[in-house]
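Coordinate analysis (summary)
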Amino acid sequence: MDPVTRLVDDVEEEGSRNHLKKKARTRRGGARREAPIRHADVGVFVGVGVVGVTMRATLRGNNGGLRCCVGVGHRRRSVRAARVTASADREVYLLDYGAGNVRSVRNAVAALGFEVKDVKTPEDLSEAKKLIFPGVGAYGSAMDILKERDLIEPLKEYVRNDKPFLGVCLGLQLLFDGSEESGGVEGLGLIPGSVDKFRGEGLIVPHIGWNLVNTKKSSGLMDGMEGERVYFVHSYRATPTEANKDWVLSTCDYGGEFIASVQKGNVMACQFHPEKSGSTGLGVFQRFLEDAKPTGQFGTALPVTDGLARRVIACLDVRSNDSGDLVVTKGDSYDVREKAEGGDVRNLGKPVELAGKYFKQGADEVAFLNITGYRDLPLTDAPMLEVLKRSSETVFVPLTVGGGIRDFTDSNGKSYTALEVATAYFASGADKVSIGSDAVEVAEQWYASGQVNTGQTSIEQISERYGVQAVVISIDPRRQYVSDPSQTKNKCIKTSRPGPNGEAYVWFQCTVKGGREGRDIGAYELAIAMEALGAGEILLNCIDEDGQGNGFDHELVGLVSDAVGIPVIASSGAGCPQHFTDVFNATKCSAALAAGIFHREEVLVSEVKDHMVNNGLPTRV
Ligand code: 1PR
């Protein structure tokens, strides 16, 4: 059977809960359920069934070409695909130079029925008939690693020989003459032009999220993608010029036009991440792998200036319950135990299963927070790593993981750095790591030492190695009321919800260890320090609103999103779809996150998206 049609999964209507609750069946037949993951017996679960793949990828005739129908959950997409060569070689080489999450690329390629072979030596490149170069991390370190491995000349030769090549993200940027990143670095020099930082008054950088592209010419890679959003995450970009115009395949608009993909002959590259762009992105990989030919049908350039979708993120707070199973839990103001005395940790489901469910419902990202990570060492917390590995097999949108990312010394006196912990998470399938308690400690020291960047903090080290876009700061603030701003050194605002004694002002106190300890630093001050140290995004929780369903705290979200130029994710308090549109309209936040309403199935992610579309917000559907 054709490997693509093998991937087909019937997604069927089920029950009264409508078009959205679908039953997944794997290609082997029966539904596969997630086994409990325990700390004691991790190894048992390696290779055990995972949540059913529900990609729909069928090929049908269409005007002499083929029509590729790729769908996820209820959001079936029917896109005109380029002609596909049935006899394409089923092997592809991957140039993984060990920086960042390449697991998802491997998983996407495998899901499409191709075998991945690794480029380890320059000789491998001469063997390769098809090559994917998924560049992740910072430009400077990528070029350094390629140089150390003697891969620069063989790579240039491969491209000059017009052999099938697909670069992804940094894999596109490295083709250019050089980059402003890492203090100015020379690239492979195969495409004229330099890669520069996004700039613009009020522009939020990094450019993170789902944006629209304007295709400039027909190609096997991108024909049929008009109107589809793809996932970008980057701070630097190449722009179209007279010198590189014969390379430009598509552009995107974010503070001005930049290059979204290039193609000349068999050499192609995308600034966006196909492996993180759901079914649309898998279609891109599929067309590259299957040697798709241009159809002549491609998207007309739309005058899109606000194409970047507001993101909807599903969050899974994960911890062990009293029986040792790793479960998704959910608190009320961070209390995750049932109300009865001696109550158990609330168990709202299994992490891999729920992540798969939210992907199918259309979540733009999924976040896992290991809420007891502050007291465990994630490097020995294999279940969490296993959750990531298994989720990344079926969830083709970005995964963030947080909890316990800090320097750590174990009971044997062995020390681990936060960078090592983050590296383990990236290697297991995380695209971003989120840092909570450690960020507070770092910010306190940063202010105490006169706001000097030492290069030694977890935030600096991880963003230096993996890029700023990979570092999220999770803030756990609690409202503190004062009757006069002089009563605190932290940034206060006048509040529309006065305190218990009628206090008219509020500041948002940072906490550590899951809200157990308050510190004398506000969310505003923390966010500013983190941006200065190289964080790429703020995940802004709110202990007061967590689990309450009363809506996001607009005062908090407004304060922080006005203070920084990096994306802010509003979190805590969502109770209905309107709360999402409210926070997007009232503040500059780039994304909104919810947990409880999704876990309890009170609201589906897709219902939030529908509401956003109906209210005119740029939305990925
Ligand atoms: O401090 O680096 O080890 O990271 C620990 C991480 O775990 C932090 O990101 C911290 O936010 C999180 N965390 C710690 N304790 C809890 C808890 O709930 N007891 N959960 C916790 C954070 C908040 C959100 C939640 C939203 C949306 N949970 O993630 O999902 O509030 O909920 P809602 O839509 O139901 O209102 P470190």
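Reference entry: report on the structure contained in this document. Only a predicted model underlies this, so the values are computations on that prediction, with no experimental measurement involved. (Residues numbered from 1 in each chain as written. Predicted model: local features only at pLDDT ≥ 70, side-chain atom pairs only at ≥ 80, totals over all residues. Heavy atoms only, no water.)

**Comments concerning the overall build of the chain**
In terms of regular secondary structure, the chain is built from 17 helices and 34 strands. Sorting the 621 residues of the chain into buried and exposed places 61% on the buried side. By sequence separation, contacts in the chain at least 24 residues apart represent 70% of the contacts at least 6 residues apart. (Helix = DSSP H or I, 4+ residues; strand = E, 2+ residues; numbered from the N terminus. Buried < 20%, exposed > 50% of the residue type's maximum accessible area, 1.4 Å probe, protein only. Contact = heavy atoms within 4.5 Å.)

**A few points about the sheet that holds strand 12 (residues 191-197)**
Taken together, the four strands give an open sheet; going across it, the order is 11-10-12-16, and neighbouring strands pair in mixed fashion. Lying at the two open borders of the sheet, with one neighbouring strand each, are strand 11 (185-186) and strand 16 (236-238). In terms of strand pairing, strand 10 (residues 176-179) meets strand 11 through two bridges, oriented antiparallel. Bridged to Gly178 within strand 11 is Glu186. (Pairing = 2+ DSSP bridges.)

**A few points about the packing of helix 15 (residues 577-586) against helix 17 (residues 605-614)**
Direction vectors running N to C along helix 15 and helix 17 enclose 50 degrees, while the axes themselves pass 8 Å from each other. The pairing of helix 15 with helix 17 is recorded here as oblique in orientation. Here the hand of the crossing between helix 15 and helix 17 comes out right-handed. Of the residues in helix 17, those touching helix 15 at Pro577, Gln578, Phe580, Thr581 and Phe584 are Glu607, Val608, His611 and Met612. Broken down by class, the residue content of the contact of helix 15 with helix 17 amounts to five nonpolar, three polar and one charged. (Axes fitted to C-alpha atoms, helices over the stretch in contact; angles between N-to-C directions. Parallel < 35°, antiparallel > 145°, perpendicular 65-115°, else oblique. Left-handed = near helix turned anticlockwise from the far one by under 90°. Nonpolar A, V, L, I, M, F, W, Y, C, P; charged D, E, K, R; others polar.)

**Some remarks on the site of the ligand**
Near the ligand lie 26 residues; those nearest to it are Ser437, Ser474, Asp476, Asp546 and Ser572. Interatomic distance of 2.6 Å between a side-chain N/O atom of Ser474 and an oxygen atom of the ligand. Protein chains bury 98% of the 770 Å² of accessible surface belonging to the ligand in isolation. Among the secondary structure elements, those contributing two or more residues to the shell around the ligand are strand 20 (311-320), strand 22 (365-370) and strand 34 (591-594). A class-by-class count of the residues in the shell around the ligand yields eight nonpolar, 14 polar and four charged. (Near = heavy atom within 4 Å. Polar contact = N/O pair within 3.5 Å; in protein donor to acceptor, adjacent residues only side chain to side chain. Areas by Shrake-Rupley, 256 points an atom, 1.4 Å probe, with all protein chains shown as cover.)

**Quick word on the state of the cysteines**
Counting across every chain of the model gives zero disulfides. Unpaired in terms of disulfides, Cys270 finds its nearest cysteine sulfur in Cys169, a separation of 9.9 Å. (Disulfide = S-S within 2.5 Å.)

**A short note on the packing of aromatic side chains**
Applying the stated rule across the entire model yields 12 aromatic pairs. Ring centres of Phe198 and Tyr254 lie 5.4 Å apart, and the angle between their planes is 90 degrees; this geometry places the pair in the edge-to-face category. Here Phe198, found in the loop between strand 12 and strand 13 (207-212), pairs with Tyr254, found in the loop between strand 17 (248-253) and strand 18 (257-264); they are 56 residues apart in sequence, far enough to count as distant. Judged by its relative accessible area of 4%, Phe198 is buried. Their ring planes at 65 degrees and their centres at 5.6 Å tell us that Trp210 and Tyr231 sit as a pair that is edge-to-face. Within this pair, whereas Trp210 is found in strand 13, its partner Tyr231 is found in strand 15 (residues 229-234), the two being separated by 21 residues in sequence. There is no split in this pair, since Trp210 and Tyr231 are both buried. Taken together, the ring pairs connect Phe198, Phe232, Tyr254, Phe258 and Phe272 into an aromatic cluster. Looking at Lys414, its charged tip hangs above the ring of Tyr416, at a distance of 4.9 Å from the centre. A cation sits over an aromatic face here: Arg620 above Trp210, 3.8 Å from the ring centre. (Phe/Tyr/Trp six-rings, centres within 6.5 Å; stacked < 30°, edge-to-face > 60°. Lys NZ or Arg CZ within 6 Å of the ring centre and 35° of its normal.)

**Description of helix 8 (residues 351-361)**
For helix 8, the buried fraction is high: nine of the 11 residues fall into the buried class. Within the span of helix 8, buried status applies to Pro351, Val352, Leu354, Ala355, Gly356, Tyr358, Phe359, Lys360 and Gln361. Residue Gly362 follows helix 8 closely and has a positive phi angle near 105 degrees.

**Thoughts on the sheet that holds strand 6 (residues 91-94)**
Taken together, the eight strands give an open sheet; going across it, the order is 7-6-8-9-19-18-17-14, and neighbouring strands pair in mixed fashion. One side of each edge strand has no neighbouring strand; the edge strands of this open sheet are strand 7 (115-118) and strand 14 (214-215). Bridge count for strand 18 against strand 19 (residues 267-270) is four bridges, and the pairing is antiparallel. Across the sheet, Lys264 pairs through a bridge with Val267, a residue of strand 19.

**Details of the environment of Asn266**
For Asn266, the location among the structural elements is in the loop between strand 18 and strand 19. Along the chain, Asn266 and Lys163 lie 103 residues apart, while their C-alpha atoms are 5.8 Å from each other. Excluding anything up to four places from it in sequence, Asn266 contacts Asp162, Lys163, Pro164 and Phe165.

**Quick word on the pattern of salt bridges**
Scanning the entire structure with this criterion turns up 34 salt bridges. For Asp332, the salt bridge identified is with Lys339, shortest N-O distance 3.8 Å. Taking relative accessible area as the criterion, Asp332 reaches 28% and is therefore assigned partly exposed. One salt-bridge network, in which partners are shared between bridges, spans Asp332, Asp335, Glu338, Lys339 and Arg346. (Salt bridge = Lys/Arg side-chain N within 4 Å of Asp/Glu carboxyl O.)

**Quick notes on the nonpolar core**
Counting residues in each nonpolar core, the largest one holds 130 residues, and the members touching the most others are Phe368, Met530, Phe580 and Phe598. When residues no more than four places from it in sequence are discounted, the contact partners of Phe368 are Leu316, Val318, Pro351, Ala355, Met384, Val387, Leu388, Ser391, Leu399, Thr400, Val401 and Gly402. (Core = buried A, V, L, I, M, F, W, Y, C linked by side-chain atoms within 4.5 Å.)

**What about helix 12 (residues 458-466)?**
All of the buried residues in helix 12 are Ser458, Ile459, Glu460, Ile462, Ser463 and Tyr466. Looking at the buried side of helix 12, the elements it contacts are helix 10 (418-427), strand 26 (432-435), helix 11 (437-448), strand 27 (471-475) and helix 13 (523-533). A positive backbone phi angle near 95 degrees is found at Gly467, which sits one or two residues after helix 12.

**Observations concerning the pairing of strand 27**
Judged by how many residues are buried, strand 27 sits mostly within the fold: five of five residues are covered. Pairing of strand 26 with strand 27, which is carried by three bridges, proceeds in the parallel orientation. From the neighbouring strand, Ile435 faces strand 27, where its bridge partner is Ile473. Relative to strand 32 (residues 537-540), strand 27 is paired through four bridges, and the arrangement is parallel. Residue pairing across strands places Ser474 opposite Leu539, the latter belonging to strand 32.

**Thoughts on the pairing of strand 6**
Alignment of strand 6 against strand 7, held across four bridges, turns out to be parallel. Bridge pairing in strand 7 places Leu94 opposite Asp118. Bridge count for strand 6 against strand 8 (residues 131-135) is two bridges, and the pairing is parallel. In the strand pairing of strand 8, Leu94 is matched with Ile132.

Honestly, that's just the spatial picture; any functional story needs more than this.
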